[in-house]
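Coordinates in review
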Amino acid sequence: VSRPRTLIFLPAWNERESLPGTLQELRAEFAHDRVDLLVCDDGSTDGTGEAALAAGVAVVDFPFHLGIGAAVHAGYLYAQRHGYRFCAHCDADGQHPARELRKLLEVVWDDRADLVVGSRYLERATNASAPAGERYRASFPRRIGIALFRALLSWQTGRVFTDTTSGIRAANERAIALFARRYASDYPELESLQQAVGLGLRVEEVAVWVRPRTHGRSKITLLRSAHFVWKSLFAILVGLLPGYRQGAGP
Amino acid sequence: VSVFPLAAVSLQTRVFGAALGLALVVLLVELVRRRRLQERYTVAWSLAAATLLSVSLFPQLLELFASLLGVSDTTDAFLALALLCCFGLVLVLTVVVSRLAAETTRLAQELALERAWRRERERTCAGQEASE
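Note that residues are indexed from 1 along each chain, following the sequence as it is written. For this description, chains carry letters from A and ligands carry numbers from 1, given in the order in which they are written. In keeping with the model being predicted, local features are shown solely for residues with a pLDDT of at least 70 and side-chain atom pairs are shown and tallied solely at 80 or more, while totals for entire chains, interfaces and linings include all residues. Values shown for side chains rest on all heavy atoms present in the structure; no hydrogens or waters enter the calculation.

**Some points on the overall build of chain A**
Helix and strand counts for chain A come out as nine helices and seven strands. The proportion of buried residues among the 250 residues of chain A is 55%. Any two residues whose heavy atoms approach within 4.5 Å are treated as being in contact. Taking as baseline every contact in chain A between residues at least 6 positions apart, the subset at least 24 positions apart corresponds to 77%. Counting from the N terminus, the helices are DSSP H or I runs at least four residues long and the strands are E runs at least two residues long. Residue exposure (1.4 Å probe, protein chains only): buried if accessible area is under 20% of the type maximum, exposed if over 50%, otherwise partly exposed.

**Some remarks on the interface of chain B and chain A**
Contact residues are listed per partner, giving 16 residues for chain B and 19 residues for chain A. Across the chain B/chain A interface, buried area totals approximately 1,500 Å², and carbon plus sulfur atoms make up 57% of it. Ranking the residues of chain B by area buried against chain A places B:Gln109, B:Leu113 and B:Arg119 at the top, with a combined share of 34%. Criterion for a salt bridge: a side-chain nitrogen of Lys or Arg within 4 Å of a carboxyl oxygen of Asp or Glu. Taken together, the connections running from chain B to chain A amount to three salt bridges. Grouping the amino acids of the side of chain B that touches chain A by side-chain chemistry returns seven nonpolar, three polar and six charged. By convention, the term buried area covers the 1.4 Å-probe accessible surface removed from two parts as they join, with the contributions of both added. When residues are sorted by character, Ala, Val, Leu, Ile, Met, Phe, Trp, Tyr, Cys and Pro go into the nonpolar class, Asp, Glu, Lys and Arg into the charged class, and all the rest, Gly among them, into the polar class.

**Some details on the nonpolar core**
Residues belong to one nonpolar core when they are buried, are Ala, Val, Leu, Ile, Met, Phe, Trp, Tyr or Cys, and are joined through side-chain atoms within 4.5 Å. Judged by nonpolar contacts, the single largest core of 38 residues is most densely connected at A:Val60, A:Tyr76, A:Tyr78, A:Leu115 and A:Val203. Looking at this core, the elements that each hand over two or more residues are β1 (6–12), β2 (35–41), β3 (58–61), α3 (68–81), β5 (115–119), α7 (173–181) and α8 (188–198) of chain A together with α4 (74–131) of chain B. Of all the elements, α3(A) adds the most residues to this core, at eight residues. The contact partners of A:Tyr78, leaving out residues within four places of it in the chain, are A:Leu7, A:Leu38, A:Ala58, A:Val60, A:Tyr84, B:Leu113, B:Ala116 and B:Glu120. Counting residues in hydrophobic clusters, the runner-up holds 31 residues, among them A:Leu19, A:Leu23, A:Ala88 and A:Ala92.

**Section: unusual backbone geometry**
Backbone geometry places A:Asn14, a non-glycine residue, at a positive phi of 55 degrees. Along the chain, the position of A:Asn14 falls in the loop between β1 and α1 (19–29). Phi at B:Arg35 takes a positive value of approximately 60 degrees, unusual for a residue other than glycine. Topologically, B:Arg35 is positioned in the loop between α1 (11–33) and α2 (42–57). The class of B:Arg35 is exposed, set by a relative accessible area of 67%.

**With respect to the pairing of β1(A)**
Residue and element names in this part refer to chain A. Among the seven residues of β1, seven are classified as buried, and the element is accordingly described as predominantly covered. Neither face of β1 is exposed, since Thr 6, Ile 8, Leu 10 and Ala 12 on one face and Leu 7, Phe 9 and Pro 11 on the opposite face are all buried. If you view a crossover with the strands going away from you and the path from the first strand over the helix to the second runs clockwise, you call it right-handed. Of the crossover connections in this fold, the one passing from β1 over α1 to the parallel β2 is right-handed.

**Considerations on the packing of α3(A) against α4(B)**
Axes here mean lines fitted to C-alpha atoms, for a helix over just the part in contact, with angles spanning 0 to 180 degrees between N-to-C directions. The geometry of α3(A) relative to α4(B) is characterised by a closest axis approach of 10 Å and an angle of 45 degrees between their N-to-C directions. Our classification of the angle between α3(A) and α4(B) gives oblique. Crossing hand, α3(A) versus α4(B): right-handed. Every residue of α4(B) that contacts α3(A) at A:Ala70, A:His73, A:Ala74, A:Leu77, A:Tyr78 and A:Arg81 is listed here: B:Thr105, B:Arg106, B:Gln109, B:Glu110, B:Leu113, B:Ala116 and B:Glu120. Throughout this description, any angle smaller than 35 degrees is read as roughly parallel, any larger than 145 degrees as roughly antiparallel, any in the 65 to 115 degree range as roughly perpendicular, and the remainder as oblique. The sense of a crossing depends on the near helix, which, turned anticlockwise from the far helix by less than a right angle, makes the crossing left-handed and, turned clockwise, makes it right-handed.

**Some remarks on the packing of aromatic side chains**
Residues and elements named next belong to chain A. For this analysis, a ring pair means two rings from Phe, Tyr or Trp (six-membered ring only for Trp) whose centres lie within 6.5 Å, classed as stacked if their planes differ by under 30 degrees, edge-to-face if by over 60, and tilted for the remaining angles. Throughout the structure, instances matching the rule amount to five aromatic pairs over all chains. The interplanar angle of 85 degrees and the centroid separation of 5.2 Å between the aromatic rings of Phe 179 and Tyr 183 together place this pair among those described as edge-to-face. Residue classification places Phe 179 among the buried positions, given a relative accessible area of 0%. Note on Tyr 183: relative accessible area 8%, which makes it buried. The interplanar angle of 50 degrees and the centroid separation of 5.6 Å between the aromatic rings of Trp 230 and Phe 234 together place this pair among those described as tilted. Taken together, the residues span about one helical turn, with Trp 230 and Phe 234 both in helix α9 (residues 222–240) at a distance of four residues. A relative accessible area of 57% places Trp 230 in the exposed class. Remark: a charge is flagged as sitting over a ring if the NZ atom of Lys or the CZ atom of Arg is within 6 Å of the ring centre and within 35 degrees of the ring normal. In this structure, Arg 5 packs its charged tip against the face of Tyr 84, placed 4.1 Å from the ring centre.

Shown next, in the form of structure tokens:
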């Protein structure tokens, strides 16, 4: 089946070690599709941008660190301005297998949704089918936070999202247009879900298997988690107010 | 209105407050004249200066504020008012910083997109030259 022109972008901040492997895996997976790769280098200081250029992919490089929201936003802007009708993005650290990204893209390619979010928690079966010892399991505080946001977002949107902080997604041109206009800056996954559901986009979750990290450390620390909880609670509550402009620019 | 006996504002405090308010106005005008302060930010500061001046010239306002607040000492009311002015000014600053941060982010994104665009064009051109 011939698939439409699609952009896959990877927001990356100091991921030089894992980036080449991630790009190679994506190239192999999508070798027979019209897929272009882009790295959004979020002000890395370890040569991530150079590594991406050396690998021959397009690079959007910020002069300084702006945060994951700005990096993903730039990816959507790139997709829109270069006329892509479909795009997908995932972590650059190699945690998201390329095959899982394909599962997400199939859904938007087949027009079964406008935005597809890969969920680590949707089906126990998927996680169980992962290689032994590679099942994804979140830490205890993280599980509490996840449960809280799941409940709040479900209450607000009237539907259940099992993974509200997932960074592996696929989008069609409707979602691209929405996120190119505005994408939240600090911890954007939750707000973007609110935004998409609020504006009537078809949002679907697909179960994905996530690998443990191979290089580097997670950038999530206790303080950042606390900030995340606070900001997201605030965002959800403000989003509940009547007249809040979900689609408005910055 | 008040259930507390109010201590009056001393003349010294009033003179000090009025002088400070006037100095603030002069400083504002001077900063704008030298293009060191944009006119739009004089609104918040002028409100602060006006508050300071009016309570110094009309201490009855301060007494009213003290009774509303439920404090017996007008000096406490004065300090509370000063603190409120500071909060207001800092809040205005935070709003401005938020806007500037959003604008800086957008500028950096546009710069990065532009650089990517140029790099790809150069690569296409180099590819064409090589094939010729």
